[in-house]
Structure formats: C-alpha cells, structure tokens
Amino acid sequence: TPERYQTVPVLVYHQFGEKNTNKMTVSRDAFEAQMQLLKDKGYRVVTLEQLVDFVEFRGQLPEKSVVITIDDGWRTTYDIAFPILRKHGFPATLFVYTQLISGSAKTLSWDQVREMSAQGLDVQCHTISHRNLALPLEKESADQYFTAIAREITESARTIEQKLGKRPTILAYPYGDTNGLAITLLKRQGYRAALTV
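Here's a quick rundown of the structure.

Parameters and conventions
Residues numbered from 1 in each chain as written. Predicted model: local features only at pLDDT ≥ 70, side-chain atom pairs only at ≥ 80, totals over all residues. Heavy atoms only, no water. Helix = DSSP H or I, 4+ residues; strand = E, 2+ residues; numbered from the N terminus. Contact = heavy atoms within 4.5 Å. Phe/Tyr/Trp six-rings, centres within 6.5 Å; stacked < 30°, edge-to-face > 60°. Buried < 20%, exposed > 50% of the residue type's maximum accessible area, 1.4 Å probe, protein only. Lys NZ or Arg CZ within 6 Å of the ring centre and 35° of its normal. Axes fitted to C-alpha atoms, helices over the stretch in contact; angles between N-to-C directions. Parallel < 35°, antiparallel > 145°, perpendicular 65-115°, else oblique. Left-handed = near helix turned anticlockwise from the far one by under 90°. Nonpolar A, V, L, I, M, F, W, Y, C, P; charged D, E, K, R; others polar.

1. Focus on the environment of Gly-59
For step 1, the next point in the chain: For Gly-59, the location among the structural elements is in the loop between helix 2 (48–55) and strand 5 (65–72).
For step 2, the next point in the chain: Excluding residues within four positions of it along the chain, Gly-59 makes contact with Asp-53 and Phe-54.

Pasting the structure below:
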C-alpha cells in the first residue's frame, strides 16, 4: 500500500515425529500447536503460487499471510503433517527430491504423493538427488558440473510431471544454496520462482 509493505513468512518443515529427535524434526504435538497458533492469531495460510503471483503483481494477498512448505519427501509428511493441515484447512507445498520417493518405511511413495496432491497439497521440485546446486563435486569438470546441474533441474521436473500430471514451476534449492548458473537454468526451464532457506 502507499503507507507500508507486507512481509509474508514462509515456514519450512522437513520431518515430523512423535517427539523432537533432532533439529530437523518437529513433533506431532508441536506441529499441531503451531498450526493452531496460526489460526488463533488470525494468520491466513496462502499457497506458494499465490505468493509468487503477489510478488509478480498478479494478485493481492490478505494481511497476515503466511506460506507453509515441507521439504524432501519423508513418510511423516503423510502420516503426521498432512492430516493436521487438512484438519485446519491449510494449504501447503511439498518440495520433493525425486530419488527419495521410494515408498520405504521412512519415505513417501508416489501413490502417497499422488493422494496428497489430489487432496490439494501442492507438489514442487527439490531436484533429483538433493545435491548442492551451487558447488561442483570434487574433480568434476565445468562441463560435467553444467550437465549434472541441468539434469538435476530438468529430470526431476519431468519425473514429477509424469507421476502427477502437473509440471512444477517452483524449486527449493537443496541446502538453500544457489548461483548464477542454477538461476539461469531454472529460468530457461520456465520456473517461476526458487526458494532458499
């Protein structure tokens, strides 16, 4: 507005559990309490696409808007977080790295991702292998690095599109790291936005 600007927090989660076992895990009770706090304090949870529209001057957001994202593709997203989000009617974005989606006891399966997507969870890209896009590997030539980064961006998007029927347009950088090459490749592939941590 002419008087002020709006800050929109993006809350990022990774894993959930019955207890907080490490700094990347949020307990079921803590996540429920955080979602209830958002509701009690009058926050409006909006989609990441709505935020990107807002940044691109394509739409407005209500005051006290907030975005919820979940990275990686751990099974606890399906077992713990998704039922709580649905209970509160909150949208969220799941950033998957496609190599992790294997349907093991600890990871999501594509059927679970498809089910959550069908019920409104936005699924976006977190690369194939979660490698740091900003750093070449040891003894990796410039050409090899370029090819590897391009593959991480394009193949992961292709896999998500094949599995879900929707091409991702937003990426979360593994480790939050990026550089000019990654940004240029994302733009060439038609991504609208990418998030750090």
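2. Some thoughts on the packing of aromatic side chains
For step 1, the next point in the chain: Under the criterion given, the structure shown has three aromatic pairs.
For step 2, the next point in the chain: For the ring pair Phe-16 and Phe-31, a centre distance of 4.8 Å and an interplane angle of 65° mean the geometry is edge-to-face. Of this pair, Phe-16 sits in strand 2 (residues 15–17) while Phe-31 sits in helix 1 (residues 28–40), and the two are 15 residues apart along the sequence.
For step 3, the next point in the chain: We classify Phe-16 as buried; its relative accessible area is 2%.
For step 4, the next point in the chain: Aromatic rings pair up to connect Tyr-13, Phe-16 and Phe-31 into one cluster.
For step 5, the next point in the chain: Stacked on the ring of Tyr-43, the Lys or Arg Lys-64 has its end atom at 4.8 Å from the ring centre.

3. A few points about the packing of helix 5 (residues 142–164) against helix 6 (residues 180–188)
For step 1, the next point in the chain: Two elements in contact, helix 5 and helix 6, have axes whose closest approach is 10 Å; the angle formed by their N-to-C orientations is 45°. Here helix 6 runs oblique to helix 5, going by the angle between their axes. Helix 6 is crossed by helix 5, and the crossing has right-handed handedness. On helix 6, the residues touching Tyr-145, Phe-146, Ile-149, Ala-150 and Ile-153 of helix 5 are Leu-181, Ala-182, Leu-185 and Leu-186.
For step 2, the next point in the chain: Classifying every residue of the contact of helix 5 with helix 6 gives nine nonpolar, no polar and no charged.

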